[in-house]
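Chain residues, written in single-letter form:
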Amino acid sequence: MNVFVVGGAVRDALMGQSVNDRDWVVVGSTPEAMSALGYVPVGKDFPVFLHPKTREEYALARTERKTARGYKGFAVQAAPDVTLEEDLARRDLTVNAMAVPEALAHQPSSTWAGHISDPYGGQRDLQAKVLRHVTDAFAEDPVRILRVARFAARFADFSVADETMALMRQMVQDGEVDHLVPERVWQEFARGLMTPQPSRMFEVLRACGALQVLLPELHCLWGVPQRPEYHPEVDTGVHAMMVLDQSALQQAPLAVRWACLMHDLGKGTTPADVLPRHIGHEGRSARLAQQVAERLRVPSDCKELADVVAREHGNIHRSLDLNAAALMRLLARCDAIRQPERFAQVLQACEADARGRLGLQDQAYPQAPRLAKALHAALAVPTASIAAQAARDGLQGPQIGERIEAARTTAVQALLT
């Protein structure tokens, strides 16, 4: 049998990037032979084994044949006579369809010359910085549209080949994207959001028509105007992408990036006769964000943060004008006393929103430190001793809570003055 390292490990090594995970393909073997060598079978849909020592995954070379719609509608054939080239043909992009013999896998890529199996021009496309599908079998798996968009976000200086974009558009028109399951869509979104330029994922999805199917609430933001004195970029869709990329520049966690993507969805439902104003868009944004979260089965931390940011980002932007009592009400609506770490993420998303505007990317955002200090002052109030004294004074239940809130407001007022 012959063993090769394939896919992303080869691509990343040739690009000079670090390689953390390796995928292996075994040519000329059988499940019985693998088990006899101590490999542990783990694959459900096709023969995949764990190496007895490294625990890395080794898959038997295989071919795939489309049998039904969706990304699970495949018949898999894994046999000793399946060649390496046949295995590489089923992969999505040429830059992911290269292989190197096991003996060279851990050597510097500079030693690979003449030993790279590259039947579909992956090295050529790496040099040209092009994302190109391997064969027309690409059209059999709609997840590949999401993967191309994600790779476009990860490798922001790569372009999508014209013929690949055309094929993706045809797949959308044929209804393939309609059969993607929510969990897989979210998985790819989450990975794409954590790339250096996540806006490119959604721009590629928009260009091929998939965004209108998967996230119509986001798709409809393009072409919706905003007031230029607040948004020099004017277009709401452009603003959403600028905010998302600002969150990436902040190296924000996934929940913050998702909240940034969701924060202005309500502007897509603003009546045309009131544009470019967007009165009450915060509440509409929150409702639409909840709708998206339920449809895509978004994790609760992402869903809840997006809800708070959508509802309160306007109030947070205007918080420099709020007095101590109003600041306390804002903190209460954000549940900041109970969840101060989450409130820090709320402020991070709001700062990305403020800076995600044409020409304002480097502007200061004093609202964030002011609110963080206000929360710190409120949290420093000795609530236990105040509650004990209130009880000795004969107060009960809500009355004790009111005294604590009054003390917190006083502490915030002292900070402001």
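Further up the page is the structure itself.
This structure is a prediction, so every number in the text was calculated from the model and none was measured.

Trainee: Is there a simple way to think about the pairing of strand S5 (residues 57-60) in this case?
Mentor: Remember that side chains alternate between the two faces of the sheet whenever the strand is regular. Sheet topology note: the strand S2 (residues 23-27)/S5 ladder contains three bridges and is parallel. Its bridge partner lying in S5, Val25 is registered against Ala59. Sheet topology places strand S4 (residues 48-50) next to S5; three bridges connect them, and they run antiparallel. Note that in S5 the partner of Phe49 across the bridge is Tyr58. Between S4 and S5, which follow one another and run antiparallel, lie six residues, and Arg55 among them has a positive phi close to 65°.

Trainee: Which parts of the structure should I look at to understand the sheet that holds S2?
Mentor: What links the strands of a sheet is backbone hydrogen bonding, and the strands pair in either a parallel or an antiparallel sense. Strand order in the open sheet formed by six strands is S3-S4-S5-S2-S1-S8, with mixed pairing between adjacent strands. Taken across any chain shown, the strands that pair with only one partner, and hence form the sheet edges, are strand S3 (40-41) and strand S8 (99-101). Two elements, strand S1 (residues 2-6) and S2, share five bridges in a ladder whose sense is antiparallel. Bridge assignment links Val3 to a residue of S2, and that residue is Val26.

Trainee: Explanation requested: the packing of helix H12 (residues 254-262) against helix H14 (residues 300-317) in the structure shown.
Mentor: In a pair of packed helices, the angle between the axes and the distance between the axes together describe the arrangement. Orientation of H12 relative to H14, taken along the N-to-C sense of each, is 45°, at an axis distance of 8 Å. Taken together, H12 and H14 sit at an angle that is classed as oblique. The two elements H12 and H14 cross, and the hand of that crossing is right-handed. Residue-level inspection shows Leu254, Ala255, Val256, Trp258, Ala259 and Met262 of H12 in contact with H14, the latter providing Asp301, Cys302, Leu305, Ala306 and Val309.

Trainee: Help me understand the side chain of Arg408 in this model?
Mentor: Relative to the helices and strands, Arg408 resides in helix H19 (residues 397-416). Setting aside anything within four residues of it in sequence, one finds Arg408 in contact with Met328, Ile337, Ala378, Val381 and Thr383.

Trainee: Looking at this structure, how should I read the packing of aromatic side chains?
Mentor: Note on aromatic pairs: each is described by the distance of the centres and the angle between the planes. A full pass over the atoms with the stated rule returns six aromatic pairs. A centroid spacing of 5.4 Å and a plane angle of 40° characterise the contact between Phe155 and Phe158, whose relative ring orientation is tilted. Phe158 gets classed as buried once you look at its relative accessible area, which sits at 4%. Pairing Trp186 with Trp258 gives two aromatic rings, centres 5.0 Å apart and planes at 90°, and the pair type is edge-to-face. Placement of the pair is Trp186 in helix H7 (residues 182-193) and Trp258 in helix H12, with a sequence separation of 72 residues. Trp258 carries the same exposure label as Trp186, and that label is buried. A network of ring pairs unites the aromatic residues Trp24, Tyr39 and Tyr58 as a single cluster. Note that Arg150 overlies the ring of Phe151, its terminal NZ or CZ placed 5.1 Å from the centroid.

Trainee: I'm lost on the nonpolar core in this one. Help?
Mentor: Looking at soluble globular proteins, one finds that nonpolar side chains tend to be buried together. With 104 residues, the main nonpolar core has Phe189, Phe202, Leu205, Leu215, Leu218, Trp258 and Leu261 as its most contacted residues. With eight residues, helix H5 (residues 143-154) is the largest single contributor of residues to this core. Apart from the residues lying within four places of it in its own chain, the contact partners of Trp258 are Trp186, Phe189, Leu193, Val292, Leu296, Val298, Cys302 and Ala306. Listed in part, the 14 residues of the second largest apolar core include Val6, Val82, Leu84 and Leu88.

Trainee: What should I look at first to understand unusual backbone geometry in this one?
Mentor: That bond from Leu275 to Pro276 is cis: its omega, 10°, falls within 30 degrees of zero. Looking at where Pro276 falls in the secondary structure, it is placed in the loop between H12 and helix H13 (281-296). The residue Lys129 is not glycine, and still its phi comes out positive at about 55°. When its relative accessible area of 37% is taken as the criterion, Lys129 is described as partly exposed.

Trainee: Honestly, the packing of helix H15 (residues 324-333) against H19 in this entry has me stumped. Any pointers?
Mentor: The interhelical angle for the contact between H15 and H19, taken along N-to-C directions, is 120°, at an axis separation of 8 Å. The pairing of H15 with H19 is recorded here as oblique in orientation. Crossing angle aside, the handedness with which H15 passes H19 is right-handed. Every residue of H19 that contacts H15 at Ala324, Ala325, Leu327 and Met328 is listed here: Glu405, Arg408, Thr409, Val412, Gln413 and Leu416. A per-class count over the contact of H15 with H19 returns six nonpolar, two polar and two charged.

Trainee: Looking at this model, I keep getting lost on the pattern of salt bridges. Mind explaining?
Mentor: Two side chains bearing opposite charge may form a pair once their charged atoms approach each other closely. One pass over the structure, following the stated rule, counts 23 salt bridges. Salt-bridge contacts for Arg132 lead to Asp125; the nearest nitrogen and oxygen are separated by 3.0 Å. Arg403 serves as the salt-bridge partner of Asp393, at 2.7 Å between the closest nitrogen and oxygen. Highlighted residues: Asp393 in the loop between helix H18 (383-392) and H19 and Arg403 in helix H19, separated in sequence by ten residues. Overall, Arg403 belongs to the partly exposed group, its relative accessible area being 32%. What emerges from the salt-bridge pattern is a single network uniting Arg124, Asp125, Arg132 and Glu163.

Trainee: Just checking my understanding: could you explain the environment of Trp112 for this structure?
Mentor: The residue Trp112 is located in the loop between S8 and helix H4 (122-128) in this model. For Trp112, a relative accessible area of 2% corresponds to the buried category. The spatial distance from the C-alpha of Trp112 to the C-alpha of Gly237 is 44 Å, given a sequence separation of 125 residues. Beyond its immediate sequence surroundings of up to four residues, Trp112 is in contact with Val10, Ala13, Leu14, Val100, Leu104, Ala105 and Gln107. Here Gln107 takes part through its backbone oxygen, which lies 3.4 Å from a polar atom of the side chain of Trp112.

What counts, and where the lines are drawn
- Position numbers for residues start from 1 in each chain and track the written sequence from start to end.
- Local features are withheld for residues below a pLDDT of 70 in this predicted model, meaning they are given only at 70 or higher, and side-chain atom pairs are given and counted only at 80 or more; totals for whole chains, interfaces and linings count all residues.
- Hydrogens and water molecules were not included; the side-chain quantities draw on all heavy atoms of the structure.
- By this definition, two strands are paired if DSSP reports at least two bridges between them.
- Only DSSP runs of H or I reaching four residues or more are called helices, and only runs of E reaching two or more are called strands; each is numbered from the N terminus.
- Lines are fitted to the C-alpha atoms to define the axes, a helix being fitted only along its stretch in contact, and any angle between axes, read from their N-to-C directions, falls within 0 to 180 degrees.
- Orientation labels follow simple angle bins: below 35 degrees gives roughly parallel, above 145 gives roughly antiparallel, 65 to 115 gives roughly perpendicular, and whatever is left gives oblique.
- Should the near helix be turned counterclockwise from the far one by less than a right angle, the crossing is left-handed, whereas a clockwise turn marks it as right-handed.
- Any two residues whose heavy atoms approach within 4.5 Å at even a single point are treated as in contact.
- Stacked, edge-to-face and tilted are the three classes for Phe, Tyr and Trp ring pairs, Trp counted by its six-membered ring, which pair at centre distances within 6.5 Å; planes under 30 degrees apart are stacked, over 60 edge-to-face, the rest tilted.
- Each residue is assigned to one of three classes by its accessible area relative to the maximum for its type, calculated with a 1.4 Å probe on protein chains only: buried under 20%, partly exposed between the two thresholds, exposed over 50%.
- Working rule: Lys NZ or Arg CZ, within 6 Å of ring centre, within 35 degrees of ring normal, means a charge sits over the ring.
- Buried residues of nine kinds, namely Ala, Val, Leu, Ile, Met, Phe, Trp, Tyr and Cys, make up a nonpolar core once their side-chain atoms join them within 4.5 Å.
- Basically, the charged four are Asp, Glu, Lys and Arg, the nonpolar ten are Ala, Val, Leu, Ile, Met, Phe, Trp, Tyr, Cys and Pro, and anything else, Gly included, counts as polar.
- The rule for a salt bridge is simple: a side-chain nitrogen of Lys or Arg has to be within 4 Å of a carboxyl oxygen of Asp or Glu.
- In protein, a polar contact requires one atom able to donate a hydrogen and another able to accept it; more generally it is a pair of N or O atoms within 3.5 Å, and residues adjacent in sequence count only if both atoms are side-chain atoms.

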